[in-house]
Amino acid sequence: MDKDRASSILPSMRTVDALYDQGLLRPAEPLSLRQGETVRLILLPRPDAKLWNLSRFPQSAQEEDLALATLGLAEWADALEAEDRG
């Protein structure tokens, strides 16, 4: 893919949560798409924090690290982006 095409695609990308239900992905919010419009999906299953073994984290971990570890991946990314923005 050439550089110009890639730069035109990236700004139009966005993250949308969806539930997989009976063979269909059901978005958590309305999508601004035309009826019958084709989209390309990148699937990223959300981690289930209930399945994480927090006792395996180093005992020297900072309190902030442990708090972030209990959040889901999307929330962690959001927190890091907010921190970067100041």
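Residues numbered from 1 in each chain as written. Predicted model: local features only at pLDDT ≥ 70, side-chain atom pairs only at ≥ 80, totals over all residues. Heavy atoms only, no water.

1. Thoughts on the pattern of salt bridges
Line of reasoning, step 1. This model, assessed by the stated rule, comprises five salt bridges.
Line of reasoning, step 2. Between Arg-14 and Glu-29 there is a salt bridge, with the nearest N and O atoms lying 3.6 Å from each other. Here Glu-29 lies in the loop between strand 2 (24-27) and helix 2 (63-69) and Arg-14 lies in the loop between helix 1 (3-9) and strand 1 (18-21), a separation of 15 residues in the sequence.
Line of reasoning, step 3. Among the salt bridges present, the one from Glu-37 reaches Arg-34, with a minimum N-O distance of 3.8 Å.
Line of reasoning, step 4. You can call Arg-34 exposed: its relative accessible area is 63%. (Salt bridge = Lys/Arg side-chain N within 4 Å of Asp/Glu carboxyl O. Helix = DSSP H or I, 4+ residues; strand = E, 2+ residues; numbered from the N terminus. Buried < 20%, exposed > 50% of the residue type's maximum accessible area, 1.4 Å probe, protein only.)

2. Some remarks on a nonpolar patch on the surface
Line of reasoning, step 1. On the surface, Tyr-20, Leu-25, Leu-31, Leu-33, Val-39, Leu-41 and Leu-43 cluster together into a nonpolar patch covering about 710 Å² of accessible area.
Line of reasoning, step 2. Along the chain, Tyr-20 falls in strand 1.
Line of reasoning, step 3. On the basis of relative accessibility, which here comes to 59%, the residue Tyr-20 falls in the exposed class. (Patch = residues over 30% accessible without salt bridge, like charges linked within 9 Å, V, L, I, M, F, W, Y side chains within 5 Å. Areas by Shrake-Rupley, 256 points an atom, 1.4 Å probe, with all protein chains shown as cover.)

3. Examining the pairing of strand 2
Line of reasoning, step 1. With four bridges joining them, strand 1 and strand 2 adopt antiparallel strand pairing. Bridge pairing in strand 2 places Asp-21 opposite Leu-24.
Line of reasoning, step 2. Taking the residues that link successive antiparallel strands as the turn, the strand 1-strand 2 hairpin has two residues, and the phi of Gln-22 there is positive, at about 50°. (Pairing = 2+ DSSP bridges.)

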